[in-house]
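What the coordinates show
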Amino acid sequence: MKTKPIITAFVFSAVVSFSALAEAGTLENLERERALTINTMLNPEIAIKDRQAKIASAKVRLIDLERMVLRDKKLTGRNTPTVRQAFENYDLTFLVHGATEKNISIVDAWLNQLGMTTQSVLSASLRRR
Amino acid sequence: MSYNKQTIRFQLLASVAVIAVGALLASSSSVHAAADANNIPAWNPKSSEKLIKLPATYLKKSLDHDFQESTLGLAIQKTEEKTGLKSQTLADLRDAIEEAEGELKLELRHQFLGEKRNFLELISEKNRYRKKHLRTKHRLFERMLKRMAEKNRGMTPVRQELVNRQEGARQRFKSSLAKVDMKLFQVSVVPESRYTVKYAENLAAIEKLASRIQSHRMNTSVQVDGQPLSKEDYIRQLLADAQAELAVLEQEETILGYMAKLVAFDALALSEQALDAEMADSDRPSASSPAKAVDYFLTN
């Protein structure tokens, strides 16, 4: 319950930051899949077992989509905010590859990139403003 | 002097005057400049956009072939044939003049002058065509270089930074691919996707083709003095060659001008010679002075 507002904020920011992707093609697909995966990771309403199955299935799709983006020559030098933002942080955009390289789960990889650790999330308290 | 001889000499004088004027005009560039716009056949090379895509080694051959097929190329070829024949005629006439005498020699010299003038006109015509060819080539290479520069332009610092980041991401992906594959597909339960399998198959085929392309003889870079040239450098080299040919052509026009002047002077000399002969052969009494007529008055 304590972590819910933080998680909701993360999901919201992830969806908002990837919304302007009308023309990117491979990148658009990757960002959509990634946003949905993060949503699944952080959704407290999904049972643990279901979540794991969904993430495993999404991971397979993300691997392919990440590779498609990295190999997409049409994106080379395409100076749009979306493409610039996508290549600003390899570990955040290419979540599965970055996480596998570092031998950590994709949830941890994503939280690390946002300056959060599993511990800090778990120790967060719910306060009224 | 017979009537026929006189008529021939008058005709000779008239035509010599025509040759002198014509020879001087033949080398005049202002007359040809006016004709340039209307009468010269054309060569419209392929668009520079298409030519940029051709391999450097093939570019010149393609352009030369395209030009030879054009009306301008055919016109130059035809003029060259005519010039060759005219050269032969001049050599024959020169030999004939050496052996001829009297009126025949004069007549042959007159013909020789006329042929020299025609020869100069032909050369001048060929040069106009060559000039048009070289100017078209020059403009084409300049357009090609401009297009290439336009493609390279637009690399702003922000875009350059993006390209660098993308290159970095690809390098990182490439260097970690084997490790990631091992972890994802061999150790864990994640199966290899259809995309991964197909991509690997296609990549193997692409690598084979790329290797063949790499070793293909048409893919070798152009070399000048043993130094390999990039496509841009090669086009610049072709542009410089065209410029040099234009400069040489202009020098040749000066030579033509001098040749025309010589023909004009020769025509005037021939005209003067013909006039002298006419005067010497005249039936008119020579101008008499009282002193020369003294003898008539000394006797009864």
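In the block above lies the structure referred to throughout.
Residues numbered from 1 in each chain as written. Chains lettered and ligands numbered in written order. Predicted model: local features only at pLDDT ≥ 70, side-chain atom pairs only at ≥ 80, totals over all residues. Heavy atoms only, no water.

Digging into the overall build of chain B
Counting its regular elements, chain B contains ten helices and two strands. Starting at the N terminus and ending at the C terminus, chain B contains elements arranged as α-α-α-α-α-α-α-α-β-β-α-α. Looking at chain B as a whole, 32% of its 300 residues qualify as buried. (Helix = DSSP H or I, 4+ residues; strand = E, 2+ residues; numbered from the N terminus. Buried < 20%, exposed > 50% of the residue type's maximum accessible area, 1.4 Å probe, protein only.)

With respect to the layout of surface pockets
Taken as a whole, the largest pocket spans an internal volume of roughly 420 Å³. For the largest pocket, the full set of lining residues is A:Leu70, A:Arg71, A:Lys73, B:Glu167, B:Arg170, B:Gln171, B:Phe173, B:Lys174, B:Leu177, B:Tyr199 and B:Leu203. When residues in the lining of the largest pocket are grouped by element, the largest group, six residues, is from helix H7 (residues 157-187) of chain B. Grouping the amino acids of the lining of the largest pocket by side-chain chemistry returns five nonpolar, one polar and five charged. (1 Å grid on protein atoms, 1.4 Å probe; cavity = no way out; pocket = protein on both sides within 12 Å on 5 of 7 lines; lining within 4 Å. Points joined across faces, edges and corners; volume = space filled by probe spheres on them. Nonpolar A, V, L, I, M, F, W, Y, C, P; charged D, E, K, R; others polar.)

Overview of unusual backbone geometry
In terms of backbone geometry, most residues other than glycine have negative phi values and most peptide bonds are trans. Despite not being glycine, A:Asn103 shows a phi value in the positive range, around 65°. Mapped onto the elements, A:Asn103 comes out in the loop between helix H6 (95-102) and helix H7 (106-113).

Quick notes on the pattern of salt bridges
Under the counting rule described, the total for this entry stands at 18 salt bridges over all chains. For A:Arg67, the salt bridge is made with B:Asp181, and the minimal N-O distance between the two is 2.5 Å. Here B:Asp181 lies in helix H7 and A:Arg67 lies in helix H3 (residues 48-71), a pairing that spans two chains. You can call A:Arg67 buried: its relative accessible area is 2%. A salt bridge links A:Lys102 to A:Asp91; its shortest N-O distance comes to 3.3 Å. Linking A:Lys102 in helix H6 with A:Asp91 in helix H5 (residues 90-93), this pair joins segments that are eleven residues apart in sequence. (Salt bridge = Lys/Arg side-chain N within 4 Å of Asp/Glu carboxyl O.)

Quick word on the interface of chain B and chain A
Facing the 25 residues of chain B at the interface are 27 residues of chain A. Counting each side, the surface lost to burial between chain B and chain A is near 2,600 Å², with a carbon and sulfur contribution of 60%. Its largest share of buried area at the contact with chain A, chain B owes to B:Arg172, B:Phe173 and B:Tyr195, together 25% of the area lost on that side. Taken together, chain B and chain A are joined by three salt bridges. At the boundary of chain B and chain A, one finds 17 residue pairs in polar contact (both at pLDDT 80 or more). For the side of chain B that touches chain A, the secondary-structure elements that each account for two or more residues are H7 and helix H8 (194-215) of chain B. (Contact = heavy atoms within 4.5 Å. Buried area = accessible area lost by both parts, 1.4 Å probe. Polar contact = N/O pair within 3.5 Å; in protein donor to acceptor, adjacent residues only side chain to side chain.)

What about a negative patch on the surface?
Residues and elements named next belong to chain B. A cluster of acidic side chains, namely Asp92, Asp95, Glu98 and Glu99, defines a negative patch on the protein surface. Its location among the elements puts aspartate 95 in helix H5 (residues 71-99). The partly exposed category is assigned to aspartate 95, whose relative accessible area is 41%. (Patch = residues over 30% accessible without salt bridge, like charges linked within 9 Å, V, L, I, M, F, W, Y side chains within 5 Å. Areas by Shrake-Rupley, 256 points an atom, 1.4 Å probe, with all protein chains shown as cover. Lys, Arg positive; Asp, Glu negative; His and termini not counted. Charge placed at Lys NZ, Arg CZ, Asp CG, Glu CD.)

Brief notes about the side chain of A:Arg51
All names here are of chain A. Assignment of secondary structure puts arginine 51 in helix H3. For arginine 51, which is buried and forms no salt bridge, the nearest opposite charge comes from aspartate 50, at a distance of 9.2 Å. Of note is the side chain of arginine 51, whose polar atom sits 3.2 Å from the backbone oxygen of isoleucine 46. With residues up to four places along the chain from it excluded, the contact list for arginine 51 reads Thr40, Met41, Asn43, Pro44 and Ile46.

Comments concerning H6(A)
At 3.6 residues per turn, the α-helix brings residues three or four places apart onto the same side. Taking burial as the measure, the eight residues of H6(A) include seven buried ones, the bulk of the element. Where H6(A) terminates, the next one or two residues include A:Asn103, which has phi positive at roughly 65°.

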